[in-house]
Amino acid sequence: MSIGILHIIGIIMTIALIIGVGIYSGTKVSGDSDFSTGGQSAGPWIVCGTIMGALVSGQATIGTAQLAYLYGLSAWWFTLGSGIGCAILAWGYAKPMRQSGATTLMEVIAKEYGPRAEGLGSVLSSIGIIISIISQVVSACALITTLFDVDKWLAITIAAVLMIIYVIFGGVWGAGMGGIVKLLLLYGVSIIGLFLVLMMTKGTSGLLELLDHTLLKTEIASLYDITNKGDVSQQYMNLTARGISKDVGSGISLVLGVLSTQTYAQAIWSAKTDDKARKGSLLAAFLIPPIGIACIAIGLFMRGHCITAEEMAQLTEMGKVIPQDLIQLDSTAQVFPAFIVHYMPKLIGGVALGTLLITIVGGGAGLSLGVSVILVEDILAKLSDKINDEKNKLIVTRVVIIVVLFAAALIGGMASDAIINDMGFLSMGLRGAVVVLPFSCALFLKGRIKREAVIASMVGGPVAVIAGNLINLPFDPLFLGIAVNMICCLAGYRRR
């Protein structure tokens, strides 16, 4: 897929803008408290930018377009669940979290259930977040290799370096300021993309006609057991096309993931007041779902204009005719960048590609910040008093960010063919199964749940989620994990 000089100019302009913001944000950091929580002086837009900078990432953009290409409207659950999670974070958790006097989710749990629960939760929740960082690396690899003729390992290294630059100077300030700029750019790209789709198809009815034409009048229909317009509508215009349990469970995993991820909690703690924290989270709740709609429209449009290498191989094996007028993609992860290259004006397309890259980079960077704070505050600082010095802690936190991102890059290179949003749903589900119930009980049921029961919940929940994924349950494994959490906590419930 070739790109022109105007594309490259647009990409460079966008990346230069974000790097400039990242370096400027570093001037606001003098110690670890500025780096990790912004000195608790952030306004609603910085809070919103920090949340969206990590949450609206490769999963919400490239991953949503990829899933929409395969399943249509059901791809909305990632951004819809994210928005609902932010609303619950604002109205149910922001004030109690800030009143807890803690700076990490695990510190809240440790105050109620002790250091064993804190250490266990830190390790397990970090694994869940790292899976999400890996999905950002896979997204970045798909984008870079789509645009440039480079080896995947070089693409992954570039992505990791950009993530480090994005966050390592300014921490929460870098993630927040970069998130605001990214938000403005991403909304502009989404609006332009949605407008182009609706203009080229002459509205939603034309988009459906395009799908009907491609899927019913070519041999592609034979790959998906599609025989009539009702089948097309059932698969692509159905919010639960993959099954109610699968899709609703995915949405719930996002809600729980938002409530149990350190990066989003840091945004709440970085706010100047409770009201600003709540407003920032509500802004994110309002702004995230529409981005998903735009990405779905792009995914559906490209389903009507593209065929993947895998589909071509299947048709060849079946002795079927391969449609010649469709754009050929190496994988479904290339849907969004291919749309930009083929259908957007070149300079705007370059800005869009740069925005998409920074969206992915910002997501991975923000999540790596959350992991580093967990590991430093909840584990390393307990092992050595030297780390508790503000300047030393800042250095260690930055080193941990670099280590985490390069480790994620190494694993991402070996898992580059994975479905991006499936990794995201698994990550969110694991985090939720480890943290949500113990964290909620520590905030709202003080003195009511036995320590041993909470520790059993923190181990049993994620084990159940992983086991459910391995044995292919007919429902989302998250439900099994939460059930185990609840059984453990109920068994340990005591009256005052």
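Now for a quick tour of the structure.

Cut-offs and rules
Residues numbered from 1 in each chain as written. Predicted model: local features only at pLDDT ≥ 70, side-chain atom pairs only at ≥ 80, totals over all residues. Heavy atoms only, no water. Helix = DSSP H or I, 4+ residues; strand = E, 2+ residues; numbered from the N terminus. Buried < 20%, exposed > 50% of the residue type's maximum accessible area, 1.4 Å probe, protein only. Contact = heavy atoms within 4.5 Å. Areas by Shrake-Rupley, 256 points an atom, 1.4 Å probe, with all protein chains shown as cover. Arc of directions from axis to C-beta. Patch = residues over 30% accessible without salt bridge, like charges linked within 9 Å, V, L, I, M, F, W, Y side chains within 5 Å. Salt bridge = Lys/Arg side-chain N within 4 Å of Asp/Glu carboxyl O. Phe/Tyr/Trp six-rings, centres within 6.5 Å; stacked < 30°, edge-to-face > 60°. Core = buried A, V, L, I, M, F, W, Y, C linked by side-chain atoms within 4.5 Å. Lys, Arg positive; Asp, Glu negative; His and termini not counted. Charge placed at Lys NZ, Arg CZ, Asp CG, Glu CD.

On a plain count of helices and strands, the protein chain comes out with 22 helices and 2 strands. Sorting the 496 residues of the protein chain into buried and exposed places 58% on the buried side. Long-range pairs, those at least 24 residues apart, make up 83% of the contacts in the protein chain between residues at least 6 apart in sequence. Only carbon and sulfur atoms are counted for the fraction: they give 65% of the accessible area of the protein chain, which is about 18,800 Å².

So, on to helix H16 (residues 309–318). Here H16 has its buried residues at Glu 311, Met 312 and Leu 315. Mapping the buried residues of H16 onto a view down its axis gives an arc of 100°, with all of them on the same face. Facing away from the buried side of H16 by more than 90 degrees, the exposed set consists of Glu 310, Thr 316 and Glu 317. On its buried side, H16 packs onto helix H4 (59–71), helix H11 (221–224), helix H15 (274–303), strand E1 (306–308) and strand E2 (327–329). Taken from the residues just after H16, Gly 319 is the one with a positive phi, measuring 75°.

This brings us to a nonpolar patch on the surface. A cluster of nonpolar residues, Ile 5, Leu 6, Ile 8, Ile 9, Ile 12, Met 13, Phe 148 and Leu 347, forms a patch on the protein surface that exposes about 690 Å² of accessible area. If one sorts the elements of the nonpolar patch by residue count, helix H1 (residues 5–25) sits on top with 6 residues. Relative to the helices and strands, Ile 5 resides in helix H1.

The subject of this paragraph is the packing of aromatic side chains. Under the criterion given, the structure shown has 5 aromatic pairs. With a centroid separation of 5.9 Å and 15° between ring planes, the pair formed by Tyr 93 and Phe 439 is classed as stacked. Highlighted residues: Tyr 93 in helix H5 (residues 77–99) and Phe 439 in helix H20 (residues 420–444), separated in sequence by 346 residues. Taking the relative accessible area as the measure of exposure, Tyr 93 reaches 10% and is therefore buried. On the basis of relative accessibility, which here comes to 0%, the residue Phe 439 falls in the buried class. Between the aromatic rings of Phe 301 and Phe 339, the centroid separation amounts to 5.8 Å while the plane-to-plane angle is 85°, which identifies the pairing as edge-to-face. Of this pair, Phe 301 sits in helix H15 while Phe 339 sits in helix H17 (residues 335–343), and the two are 38 residues apart along the sequence.

A separate point is the nonpolar core. Core analysis: the biggest nonpolar cluster contains 141 residues, and Met 52, Met 97, Tyr 264, Met 302, Phe 339 and Phe 439 have the highest contact counts within it. With 14 residues, the single largest contributor to this core is helix H18 (residues 346–383). If near-sequence neighbours (up to four positions away) are discounted, Met 97 is found in contact with Leu 89, Leu 105, Ala 265, Ile 268, Trp 269, Phe 439 and Leu 443.

This brings us to the side chain of Gln 235. Here Gln 235 lies in helix H12 (residues 229–236). Setting aside anything within four residues of it in sequence, one finds Gln 235 in contact with Leu 70, Tyr 71, Gly 72, Ile 226 and Ala 241.

It is possible for side chains of opposite charge to pair when their charged atoms get near one another. Inspection of every chain in the model, using the stated rule, returns 4 salt bridges. Two residues, Glu 311 and Arg 303, come together in a salt bridge whose shortest N-O distance is 2.8 Å. One exposure class covers both Glu 311 and Arg 303, and it is buried.

This part takes up a positive patch on the surface. Side chains of Arg 116, Lys 450, Arg 451 and Arg 494 sit close together on the surface and give a patch of like positive charge. Mapped onto the elements, Arg 116 comes out in helix H7 (residues 115–147). A residue is classified by how much of its surface remains accessible, and Arg 116, at 65% relative accessible area, is exposed.

Relative to the helices and strands, Leu 394 is located in helix H19 (residues 390–414). Note on Leu 394: relative accessible area 9%, which makes it buried. Between the C-alpha atoms of Leu 394 and Val 376, which are 18 residues apart in sequence, the distance is 9.5 Å.

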